[in-house]
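Residue-level listing of the chains:
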Amino acid sequence: MANYYDIDDIITQEEFVSVIFQKAAGGVGIDPSSETDSVEVGSKVELPFWLAHELQLRQAVSMNVPACFNQKTRLEIQADSACVDLRSRSPYFYEFGCKIAPLVADRTIGPLLLSAFKSRYKEVLTKAHTAAYPAASKHLTILTKEETHLYEAAQSSMAAFKKWRMGGPRFQRASILGRKRKSNE
Amino acid sequence: MAGQSDPNLSLFSAEEVEFIAEDEMVEIVPNLRMDALNFICVPLWLAVALKKRGKCTIRPPLWMSVEKLTQVLEAERDSQRVFEQLPFHYVEISRLLFDHARDDIPDVYMVRSLVEDIRDVRFHKVETNLETLNERALALKINNLSAMEVNIVRPFIGRALQAFYKHDSPELIPDQERISDRRPQVANNAARRHLRR
């Protein structure tokens, strides 16, 4: 897969998904609340996405929609997506949704992500290039990783431009040349 | 060079854009006796170097007069979508001339403030244009943008377009508006298996 080495992708797959086991699994201590080492059919367990995905391919579990896409979040996004604190739901909201959407029998996740991103993008846009005090904006704390990526790209390029405009020495002296050499007399 | 610090950005640094801008031709009036003509068209880097050694004075380019710039500023303020025709490297050229040839420009403070205003207005227009990006956008076309302005928004636009493209993939969006051939899906309440990655 193209994203095998991508750190963001790896951390995205760490998000928990609740699954229902279709087959009994013996000798695994996945469910911490059960007394035995095995998992019964029909029991509901929280697994990380990478594990749930593999088990689903083997038809051992069936995935439910994760908690971050529940009805409460959807209503908040429909009301005013720019203010919803997506980072507290999951810092990888969009990536996780993109991964989950083909696997769970829920076709509304895709449009939900798209509409949320569209309206939040406008907010990011207006604040990205021109914010004077990046730390002062509490808007930053509610952005997911992807949106923060976008924001920082704009910030850094604007900062570089401003630094250039200030002027200053165009050549930098290498630090190793800073020390004076004693003249040999 | 480009993309040095962050491989994802593929960005020219501002200094690099300025370096490219120094190839533009300007006219100088040499102090010393030189071979051919009185007014010579030389590249900007040569003009700045001669100016630093006190061997010439630089004639400001034609677009850099108070009247012309005021005209451009009025036109920029009038329209919301259209950008005025300005030299591709006007930001860099104006900065270099302000730094090195300040006494050669008549009304230098006025010219400087006009250029700054023009830059501000244009940049706000760029941001307004960017709001029109939606999921159907595969590319964005803005006319008459200058090199430095393009360089500033380049990483942002690139990532925004990528993000929109990713969210608009056919897997995610159910197929009401699309004209693609879909195989008839059997309604299946159990977990689906997607073999295509």
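Scroll up to find the structure.
Residues numbered from 1 in each chain as written. Chains lettered and ligands numbered in written order. Predicted model: local features only at pLDDT ≥ 70, side-chain atom pairs only at ≥ 80, totals over all residues. Heavy atoms only, no water.

(A) Fine view of the packing of helix α1 (residues 14-21) of chain B against helix α4 (residues 90-100) of chain B. Residues and elements named next belong to chain B. Running from N to C, α1 and α4 point in directions that differ by 85 degrees, and their axes come no closer than 9 Å. What the angle tells us is that α1 and α4 run roughly perpendicular. Contact residues: α1 offers Val17, Glu18 and Ala21, while α4 offers Glu92, Arg95 and Leu96. For the contact of α1 with α4, the class distribution of residues is three nonpolar, no polar and three charged. (Axes fitted to C-alpha atoms, helices over the stretch in contact; angles between N-to-C directions. Helix = DSSP H or I, 4+ residues; strand = E, 2+ residues; numbered from the N terminus. Parallel < 35°, antiparallel > 145°, perpendicular 65-115°, else oblique. Contact = heavy atoms within 4.5 Å. Nonpolar A, V, L, I, M, F, W, Y, C, P; charged D, E, K, R; others polar.)

(B) Geometry of the pairing of strand β3 (residues 56-59) of chain B. Residue and element names in this part refer to chain B. With burial as the criterion, only one face of β3 is covered, namely that bearing Cys56 and Ile58; the residues Thr57 and Arg59 on the opposite face remain uncovered. Alignment of strand β1 (residues 25-30) against β3, held across four bridges, turns out to be antiparallel. The residue bridging Val29 from the neighbouring strand is Thr57, located in β3. (Buried < 20%, exposed > 50% of the residue type's maximum accessible area, 1.4 Å probe, protein only. Pairing = 2+ DSSP bridges.)

(C) Geometry of the pattern of salt bridges. Following the criterion strictly, the structure yields 14 salt bridges over all chains and no others. Where Glu116(B) meets Arg165(A), a salt bridge forms, and the shortest distance between an N and an O atom there is 3.0 Å. On the criterion of chain membership, the pair formed by Glu116(B) in helix α5 (residues 108-130) and Arg165(A) in helix α7 (residues 145-166) is interchain, its members lying in two chains. Residue classification places Glu116(B) among the partly exposed residues on the basis of a relative accessible area of 25%. We note a salt bridge from Lys51(B) to Asp104(B), for which the minimum N-O separation is 3.1 Å. With Lys51(B) in helix α2 (residues 44-52) and Asp104(B) in the loop between α4 and α5, this pair connects stretches of sequence that are 53 residues apart. Its relative accessible area of 14% is what places Lys51(B) among the buried residues. Salt bridges sharing common partners tie together Glu76(B), Arg122(B), Lys125(B) and Glu149(B). (Salt bridge = Lys/Arg side-chain N within 4 Å of Asp/Glu carboxyl O.)

(D) Geometry of the sheet that holds strand β3 (residues 61-63) of chain A. Residues and elements named next belong to chain A. Reading across from one edge, β2-β1-β3 is the order of the three strands in this open sheet, with antiparallel pairing throughout. Here the strands that pair on one side only, and so sit at the sheet edges, are β2 (44-48) and β3. Strand after strand, the sheet turns through a mean of 45 degrees between neighbouring axes, direction not considered. Alignment of strand β1 (residues 16-21) against β3, held across three bridges, turns out to be antiparallel. Across the sheet, residue Ile20 finds its bridge partner in β3, namely Ser62.

(E) Just the packing of aromatic side chains, in detail. This structure, assessed with the given rule, holds seven aromatic pairs over all chains. Each ring, one from Phe161(A) and one from Trp164(A), has its centre 5.9 Å from the other, and the planes form 35 degrees; the classification is tilted. On the criterion of helical spacing, the pair formed by Phe161(A) and Trp164(A) is a turn pair, its members being three residues apart in helix α7. The rings of Phe49(A), Phe69(A), Phe93(A), Tyr94(A), Phe96(A), Phe117(A) and Phe164(B) are connected pair by pair, giving a single aromatic cluster. (Phe/Tyr/Trp six-rings, centres within 6.5 Å; stacked < 30°, edge-to-face > 60°.)

(F) How the structure looks around the state of the cysteines. All names here are of chain B. As enumerated under the stated definition, the model contains zero disulfides over all chains in all. Free cysteine: Cys56, not disulfide-bonded; nearest cysteine sulfur from Cys41 at 13 Å. The class of Cys56 is buried, set by a relative accessible area of 2%. (Disulfide = S-S within 2.5 Å.)

(G) Geometry of unusual backbone geometry. One non-glycine residue, Gln59(A), adopts positive backbone phi at about 60 degrees. Inspection of the secondary structure assignment puts Gln59(A) in the loop between α2 (49-57) and β3. Residue Gln59(A) is classed as partly exposed on the basis of its relative accessible area, which comes to 49%. Phi at Asp107(B) is positive, roughly 60 degrees, even though this residue is not glycine. Here Asp107(B) lies in the loop between α4 and α5. According to the relative accessible area criterion, Asp107(B) is exposed, its value standing at 52%.

(H) Structural view of the sheet that holds β3(B). All names here are of chain B. Pairing is antiparallel across the open sheet formed by three strands, whose spatial order is β2-β1-β3. On the outer flanks of this sheet lie β2 (40-43) and β3, each paired with one strand and no other. On average, each strand axis in the sheet is inclined to that of its neighbour by 50 degrees, with strand direction left out of account.

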